[in-house]
Amino acid sequence: MKKIELVGENIPEDGHEVVDASGKYVFPGGVDNHVHMGPFDTYGFETSHAALVGGTTTLVDFAPQDKGKGVIESMHRHKDEKADGIASVDYSFHGMVMDTSEAVLDEIPKMVENGIVNLKFFMAYNGTPFHVEDDLIFKAMQLCRDHGITVMTHCENGDMIEVLVDELHAMGQKAPINHSYSRPPLVEDEATQRAIYLAEMADCPLFVVHVTSKGALKNLVRAAREGKDVYGETCAHYLTLDESFFLKDNFEGAKYVCAPALRTKDHLEALWKAVKNDELKAISSDHAAVVGGFEAKKKGIDDFAKIPNGAPGMQDRLHMIWTQGVEKGKITPQDFVRLCMENPAKICGIYPQKGAILPGSDADILIWDPEYEGVITHANSYEGTDYALYEGFEQKGRADKVYLRGNLVAEKGEFVGEKGTGKYIEPKPYALCYQNYKPKEDKRIRA
């Protein structure tokens, strides 16, 4: 495993390969802190080399809790069976609760030693294994804070969604746009504020995944300004795609069904300002490429609520953020590194091994060509599915050369490495969300 030995000027060239990066940027390899390589019936780590082609060298996956099994056991199974010897990128894992029993509470004290420093709870998806009630989230928060585990929440009000879906069904509505109507911004706003209250009561840092709405953002920003340890991220598609994509002809709008739903353009502009102002800490892909692609999405052709959630995106995350963000003056190249490399690694407890060009860091190097011009198309995709989420979008800039631990693995949009050579990265607790945390005094009267 090659490490960075020295960063400086006039380094002796003898005995080393010299790469000419004139006119290009030299970045740390991208870190994508939010991907689903399973479940959601996704392709898994077999297609993880797509991330390398786009400049991302590390994926942090949500390991699903198996039915009847614990979070820890499930993570190890997922790692052993789905990633080790299969992944082409380096990888780490978040725990993901999919069992409404309180057995998870007994596991929390043992999670860090088993490689779980972030634990995710879904507040939506009522009636499925994903949904977790508030009381269990609250109890888990109280334990997680004592072990430096970051609690992550998917914030949507599942009860509201259920009622809205039933109302739209009663009206005979079938089209993909109804996915958006059943999951409007207020559904996210309310759940985000509720998660903040739960975290405040539990005295536990909170990380809200995939923030999409102005209201949810406002709640997070207000809480942070009040001194609460509350953080969040957004995703590339919530910055670059809007609600109008659901209206594409021939059921094409189903390709964009994910949760939370895409928003109107005013929400996108608010999110760009938030990532620029460090009010949201990272930009992930939330990659979840449904097996069967568009054909699989057609399961919901007569019922929008049956369209499988999820969309690809790990390959073009950096391309879209550079083109739509840096090239349009919404963020700087420095912001790009902070949002797509450095902070994601910090959030996941793998910095500075990843997300940095520092002595001792892994030699994950991305040489970025800002002069490249092209168009994103499925023809160039390694993601395994039958469509590209950003089909037809202008692309300015691309990953020219990508090095994973010092080895060239991708060049000019082509994978040139060896599949299955990714390594597991063990995370550390007390990550970014604990950077300012100070435990509050428990003032309750005890007998």
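Residues numbered from 1 in each chain as written. Predicted model: local features only at pLDDT ≥ 70, side-chain atom pairs only at ≥ 80, totals over all residues. Heavy atoms only, no water.

Side note on the overall build of the protein chain
Moving on, step 1. What the protein chain contains, in helices and strands, is 13 helices and 13 strands.
Moving on, step 2. For 447 residues, the compact-globule estimate of 2.2 N^0.38 gives 22 Å, and the protein chain sits close to it at 21 Å.
Moving on, step 3. Projected onto the principal axes, the alpha-carbon positions of the protein chain cover approximately 70 × 65 × 40 Å.
Moving on, step 4. For the protein chain, the proportion of its 447 residues judged to be buried stands at 59%.
Moving on, step 5. Counting contacts in the protein chain only where the partners sit at least 6 residues apart, residues at least 24 apart contribute 79% of the total.
Moving on, step 6. For the protein chain, the exposed surface amounts to about 18200 Å²; the carbon and sulfur share of it is 50%.
Moving on, step 7. Of the charged side chains in the protein chain, 50 are positive and 70 negative, and the gap between their average positions amounts to 2 Å. (Helix = DSSP H or I, 4+ residues; strand = E, 2+ residues; numbered from the N terminus. Rg over C-alpha atoms; globule rule 2.2 N^0.38 Å. Buried < 20%, exposed > 50% of the residue type's maximum accessible area, 1.4 Å probe, protein only. Contact = heavy atoms within 4.5 Å. Areas by Shrake-Rupley, 256 points an atom, 1.4 Å probe, with all protein chains shown as cover. Lys, Arg positive; Asp, Glu negative; His and termini not counted. Charge placed at Lys NZ, Arg CZ, Asp CG, Glu CD.)

Considering the environment of E279
Moving on, step 1. With respect to the helices, strands and loops of the structure, E279 is situated in the loop between α10 (265-276) and β9 (282-284).
Moving on, step 2. For E279, a relative accessible area of 27% translates into the label partly exposed.
Moving on, step 3. Separated by 79 residues in the primary sequence, E279 and L358 place their C-alpha atoms 26 Å from one another.
Moving on, step 4. Not counting residues up to four positions away in its chain, the partners in contact with E279 are V221, R225, K273 and A274.

Quick word on the sheet that holds strand β10 (residues 365-375)
Moving on, step 1. A sheet is described by the order of its strands in space; here five strands give the open sequence β1-β10-β11-β12-β13, paired in antiparallel fashion. Each of the sheet's edge strands pairs with one partner strand only, and the pair in question is β1 (25-28) and β13 (414-415).
Moving on, step 2. Of the strand pairs in this sheet, strand β11 (residues 394-404) and strand β12 (residues 407-411) are connected by four bridges, and their pairing is antiparallel. If you follow Y403 over to β12, its bridge partner there is L408.
Moving on, step 3. Here helix α12 (residues 317-326) sits on the sheet and contacts β1, β10 and β11; the angle it forms with β11, its principal contact strand, is near 135 degrees.
Moving on, step 4. Of the strands in this sheet, β1 and β10 are in contact with helix α13 (residues 333-347), which crosses β1 at around 25 degrees. (Pairing = 2+ DSSP bridges. Axes fitted to C-alpha atoms, helices over the stretch in contact; angles between N-to-C directions.)

A few points about the pairing of β11
Looking along a regular strand, one sees the side chains alternate between the two faces of the sheet.
Moving on, step 1. In terms of burial, β11 is largely enclosed, as ten of its eleven residues are buried.
Moving on, step 2. As defined by bridge partners, β10 adjoins β11 across eight bridges and the pair is classed as antiparallel. Bridge pairing links V375 to E394 in β11.
Moving on, step 3. From the end of β11 to the start of β12, which pair antiparallel, there are two residues, and R405 there has a positive phi angle of about 50 degrees.

Notes on the packing of aromatic side chains
Moving on, step 1. By the definition in use, this model includes 20 aromatic pairs.
Moving on, step 2. For the ring pair F27 and F336, a centre distance of 5.5 Å and an interplane angle of 55 degrees mean the geometry is tilted. On the criterion of sequence distance, the pair formed by F27 in strand β1 and F336 in helix α13 is long-range, its members being 309 residues apart.
Moving on, step 3. On the basis of relative accessible area, F27 is assigned to the buried category, the value being 5%.
Moving on, step 4. Of the residues examined, F336 reaches a relative accessible area of 0% and is grouped as buried.
Moving on, step 5. Three or more aromatic residues joined by ring pairs form one cluster here, namely Y25, F27, W322, F336 and W368.
Moving on, step 6. For the cation-ring pair, K79 lies above Y424, with the distance from its terminal atom to the ring centre recorded as 5.0 Å.
Moving on, step 7. Over the ring of F62 we find K120, and its NZ or CZ is 4.3 Å from the ring centre. (Phe/Tyr/Trp six-rings, centres within 6.5 Å; stacked < 30°, edge-to-face > 60°. Lys NZ or Arg CZ within 6 Å of the ring centre and 35° of its normal.)

A closer look at the pattern of salt bridges
Moving on, step 1. In the structure shown here, the tally under the stated rule is 34 salt bridges.
Moving on, step 2. Here R194 ties to D134 by a salt bridge, and the two come within 2.9 Å at their closest N and O atoms. One end of the pair, R194, is in helix α7 (residues 185-202); the other, D134, is in helix α4 (residues 134-144), and 60 residues separate them in sequence.
Moving on, step 3. Of the charged contacts in the structure, one is a salt bridge between E156 and R183, with a shortest N-O distance of 2.9 Å. With E156 in the loop between β6 (150-154) and α5 (158-170) and R183 in the loop between α6 (177-182) and α7, this residue pair connects regions lying 27 residues apart in the sequence.
Moving on, step 4. On the basis of relative accessibility, which here comes to 0%, the residue E156 falls in the buried class. (Salt bridge = Lys/Arg side-chain N within 4 Å of Asp/Glu carboxyl O.)

Let's talk about the UniProt feature "modified residue: N6-carboxylysine" (unreviewed entry) in the protein chain
Moving on, step 1. Those residues carrying the UniProt feature "modified residue: N6-carboxylysine" (unreviewed entry) are K120 in this numbering.
Moving on, step 2. Locating K120 in the fold gives a position in strand β5 (residues 118-122).
Moving on, step 3. The exposure class assigned to K120 is buried, which follows from its relative accessible area of 1%.
Moving on, step 4. Setting aside residues no more than four positions away along its own chain, K120 makes contact with H34, H36, F62, G95, M96, V97, M152, H154 and V209. (UniProt positions renumbered as here; feature names shortened; annotations may be inferred.)

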